[in-house]
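The lines below spell out each chain.
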Amino acid sequence: MMMNCGAVNATTPSSTSWSASHSSKVPMLLPRAICTTQRMCCVSGVHVDACVSFNVSRNCAVAKDSLGWSGTSPSLYSKQPFNKFLLPLKALVTSTSQDFPIASLIGEGKVGVLLLNLGGPETLEDVQPFLFNLFADPDIIRLPRLFRFLQKPLAQFISVARAPKSKEGYASIGGGSPLRQITDAQAEELRKSLWEKQVPAKVYVGMRYWHPFTEEAIEQIKRDGITKLVVLPLYPQFSISTSGSSLRLLESIFREDEYLVNMQHTVIPSWYQREGYIKAMANLIEKELEKFDRPEQAVIFFSAHGVPLAYVEEAGDPYKAEMEECVDLIMEELEKRKIINAYTLAYQSRVGPVEWLKPYTDETIIELGKKGVKRLLAVPISFVSEHIETLEEIDVEYKELALKSGIEKWGRVPALGCEPTFISDLADAVIESLPYVGAMAVSNLEARQSLVPLGSVEELLAVYDSKRRELPSPVTVWEWGWTRSAETWNGRAAMLAVLVLLVLEVTTGQGFLHQWGIFPSFH
């Protein structure tokens, strides 16, 4: 995910003083400079280094060298080797989809496309059960193996405790999330685009935590007799907690269903480096910059949904690397258009006491204000649909914080939604993935092996899981006596006891906390 920048733009003399080390909380702004790009192509599972232009090679994933900025100061992104994170069938970069005869790709089968997304409560009454579904997912709250029996009680406790505050947020944006409506519209536009490109496919929507659930979409796919399925998560960058969670659910569904075991399928795990997506994002940014009185002075502020730091550092989540690479590619596209604004990347929506990816969006906004930034353009980089985190968190909370911090002009790039370039590129991604559908279809139900050599759910997760490690416990070796280990385990036992009491209080509405008026009843 890294970028490799040389000379600093002389038109932004103060920007060099804003640089900081990668671990610093101070936001780092980089004016655009000429960047050298090294590309890594995936051919039959072998990664081959090659210097190529952006739209020459098919099936390429992009990697950057990690060179310093201004000679000595670290660049905005200190990347790990990108091929460490490469997954099978990484996003297809180009938007050319006519290399294969369309009819031969489809054959006699019925083609379906399954769009995967998070989902969101459509009414205020949906908020608490939606939150329960979210926190009951072991890819969202990763409990140690010993305590996994507490997953649902803990989810109940958190969802009940958070529901009142969350309802306030959803009430402020109209009483529910627009995510389903927008995703349904994207599905319809994608269907139209595929038909225009001579691919008569049906498009389905499967949400992870609310209706229509993935299970519901799968049932409809079976009723429609789909024989070739392209699975397309609507998350540009891959993460354990988004695409990974949805694909893990799909894997469990596929394993238990005879029809699905025989159905040919492939997965597009992430597509943040596709040319059409990059250009669509650049189009929206360029359009919003034109609304500033002095566009060249506006700082482009990429705000991505955060994930716990341990996911990246301990569990091998490629999200951070892909996010930084995505930002780099967008800025390269803007540079081609002579847009060389300073920019930065931060992460929003953290929850709980654990450390999340830094820098945090709220802290970064405050620091930018202290540095004298007066114009800020927020870009929701990990979202393709408007929802609570864009409409309430960015548009209300962060805008208010920015104005209080000295930012005088605030702008916000809309989520992609049904932007034509974006939708057309998704259609091309589907078409380009068709050669991989059913390339190694399983004929023997007992085999239950991967259905496709590149990009199938099982193969994708197998490669990812081979790099994924369990999050370590605070103490790796048991020690007897009054030791750090003993203190840790005593603390765990005490916290477990407190947790059990709280769960009982929440689930039953009874107990000494309610009797004493310490814990209010939400029932």
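Just so it is clear, the model here is predicted, and its values are computed rather than measured.

### Concerning the pattern of salt bridges
At step 1: Counted under the stated rule, the structure contains 27 salt bridges.
At step 2: The closest approach of N and O atoms between Glu-189 and Lys-192, which form a salt bridge, is 3.6 Å. In this pair, Glu-189 and Lys-192 both sit in helix α4 (residues 179-196), three residues apart, roughly one turn of the helix.
At step 3: One salt-bridge network, in which partners are shared between bridges, spans Glu-286, Glu-333, Lys-336 and Arg-337.

### Observations concerning the packing of aromatic side chains
At step 1: Per the counting criterion, the structure on display carries five aromatic pairs.
At step 2: Ring geometry for Trp-271 and Tyr-277: centres 5.3 Å apart, planes at 90 degrees, overall edge-to-face. The residues Trp-271 and Tyr-277 share a single accessibility class, namely buried.
At step 3: Both rings, one in Phe-302 and one in Tyr-343, keep their centres 6.3 Å apart while their planes meet at 85 degrees; by these two values the pair is edge-to-face.

### Let's talk about the environment of Thr-123
At step 1: One can find Thr-123 in the loop between β4 (111-117) and α2 (127-135).
At step 2: Overall, Thr-123 belongs to the partly exposed group, its relative accessible area being 33%.
At step 3: Considering only alpha carbons, one finds Thr-123 and Gly-176, 53 residues apart in sequence, at a separation of 4.7 Å.
At step 4: With residues near it in sequence (within four places) discarded, Thr-123 still touches Gly-175 and Gly-176.

### A short note on the sheet that holds strand β7 (residues 264-267)
At step 1: Sheet architecture is open: four strands sit in the order β5-β4-β6-β7, paired in parallel fashion. Every interior strand has two partners, whereas the edge strands, β5 (202-207) and β7, have only one. Shown here is a sheet whose adjacent strand axes are inclined to one another by a mean of 20 degrees, direction ignored.
At step 2: The pairing of β4 with strand β6 (residues 228-233) spans six bridges and is classified as parallel. Bridge pairing in β6 links Leu-114 to Val-231.
At step 3: Most of the contacts of α4 go to β5, to which it runs at about 160 degrees, and overall it touches β4, β5 and β6.
At step 4: Along the sheet, helix α13 (residues 420-433) contacts β4, β6 and β7; its crossing angle with β6, the most-contacted strand, is approximately 135 degrees.

### Regarding the sheet that holds strand β8 (residues 299-305)
At step 1: Pairing is parallel in the open sheet, where four strands are placed in the order β9-β8-β10-β11. Edge positions in the sheet fall to β9 (343-348) and β11 (409-412), since each of these pairs with one other strand and no more. Neighbour to neighbour, the strand axes of the sheet diverge by 25 degrees on average, direction disregarded.
At step 2: Sitting on the sheet, helix α11 (residues 361-370) is in contact with β8, β9, β10 (375-380) and β11, with an inclination near 145 degrees to β9.

### Some remarks on the packing of α2 against helix α3 (residues 151-172)
At step 1: With their axes 7 Å apart at the nearest point, α2 and α3 run at an angle of 135 degrees to one another. Comparing the axis directions of α2 and α3 gives the class oblique. You can see that α2 and α3 cross each other, and the crossing is right-handed. From α2, Val-127, Gln-128, Phe-130, Leu-131, Phe-132 and Phe-135 reach across to α3, where they touch Gln-151, Lys-152, Ala-155, Gln-156, Ile-158, Ser-159, Val-160, Arg-162, Ala-163, Ser-166, Lys-167 and Tyr-170.
At step 2: For the contact of α2 with α3, a count of residues per class yields ten nonpolar, five polar and three charged.

### A look at the nonpolar core
At step 1: Within the largest apolar cluster, 65 residues are counted, with the highest numbers of intra-cluster contacts made by Leu-194, Tyr-277, Ile-285, Phe-302 and Ile-381.
At step 2: Setting aside residues no more than four positions away along its own chain, Ile-285 makes contact with Ile-300, Phe-302, Ile-330, Leu-334, Leu-377, Val-379 and Val-413.

### So, the confidence of the model for the protein
At step 1: Residues with a pLDDT of 70 or more make up 64% of the protein, whose mean pLDDT is 75.
At step 2: Long-range and interchain partners of residues 471-490, a stretch whose pLDDT sits below 50, account for 19 contacts in this model, where long-range means more than four residues apart.
At step 3: Of the regions scoring below 50 in pLDDT, residues 516-523 engages in 14 contacts with residues more than four places distant in sequence or in other chains.

### What about α2?
At step 1: Those residues of α2 lying buried are Val-127, Phe-130, Leu-131, Leu-134 and Phe-135. Burial along α2 is one-sided: seen end-on, the buried residues are contained in an arc of 125 degrees.
At step 2: As for α2, its buried residues are in contact with α3.

### Section: unusual backbone geometry
At step 1: With an omega of -10 degrees, the peptide bond running from His-211 to Pro-212 counts as cis.
At step 2: Tracing the backbone shows Pro-212 in the loop between β5 and α5 (214-223).
At step 3: Even without being a glycine, Ser-349 presents a positive backbone phi close to 65 degrees.
At step 4: By the secondary structure assignment, Ser-349 is in the loop between β9 and α11.
At step 5: Assessed through its relative accessible area of 11%, Ser-349 is described here as buried.

### A short note on helix α12 (residues 388-404)
At step 1: Taken as a whole, α12 carries its principal kink of about 35 degrees at Ile-394.
At step 2: Burial in α12 covers these residues: Ile-388, Glu-389, Thr-390, Glu-392, Glu-393, Ile-394, Tyr-398 and Ala-402.
At step 3: Tucked inside the fold, the buried residues of α12 contact α3, β8, β9, α11, β10 and β11.
At step 4: A positive phi of about 105 degrees marks Gly-406, the residue just after α12.

### Side note on the pairing of β10
At step 1: Most of β10 is tucked away, with six of its six residues classed as buried.
At step 2: Of the two faces of β10, both are covered, the one formed by Arg-375, Leu-377 and Val-379 as well as the one formed by Leu-376, Ala-378 and Pro-380.
At step 3: As paired strands, β8 and β10 are joined by five bridges and run parallel to one another. Looking at β10, one finds that Ile-300 is bridged to Leu-377.

### Brief notes about the packing of α5 against helix α6 (residues 240-255)
At step 1: At their nearest, the axes of α5 and α6 sit 11 Å apart, and the two run at 45 degrees to each other. Taken together, the axes of α5 and α6 are oblique relative to one another. Taken as a pair, α5 and α6 cross one another with a handedness that is right-handed. Across the interface between the two elements, Thr-214, Glu-215 and Ile-218 from α5 touch Leu-249, Leu-250, Ile-253 and Phe-254 from α6.

What counts and what doesn't
- Residues numbered from 1 in each chain as written.
- Predicted model: local features only at pLDDT ≥ 70, side-chain atom pairs only at ≥ 80, totals over all residues.
- Heavy atoms only, no water.
- Salt bridge = Lys/Arg side-chain N within 4 Å of Asp/Glu carboxyl O.
- Helix = DSSP H or I, 4+ residues; strand = E, 2+ residues; numbered from the N terminus.
- Phe/Tyr/Trp six-rings, centres within 6.5 Å; stacked < 30°, edge-to-face > 60°.
- Buried < 20%, exposed > 50% of the residue type's maximum accessible area, 1.4 Å probe, protein only.
- Contact = heavy atoms within 4.5 Å.
- Pairing = 2+ DSSP bridges.
- Axes fitted to C-alpha atoms, helices over the stretch in contact; angles between N-to-C directions.
- Parallel < 35°, antiparallel > 145°, perpendicular 65-115°, else oblique.
- Left-handed = near helix turned anticlockwise from the far one by under 90°.
- Nonpolar A, V, L, I, M, F, W, Y, C, P; charged D, E, K, R; others polar.
- Core = buried A, V, L, I, M, F, W, Y, C linked by side-chain atoms within 4.5 Å.
- pLDDT = per-residue confidence, 0-100.
- Arc of directions from axis to C-beta.
- Bend = angle between axes of the 7 residues up to and from the residue.

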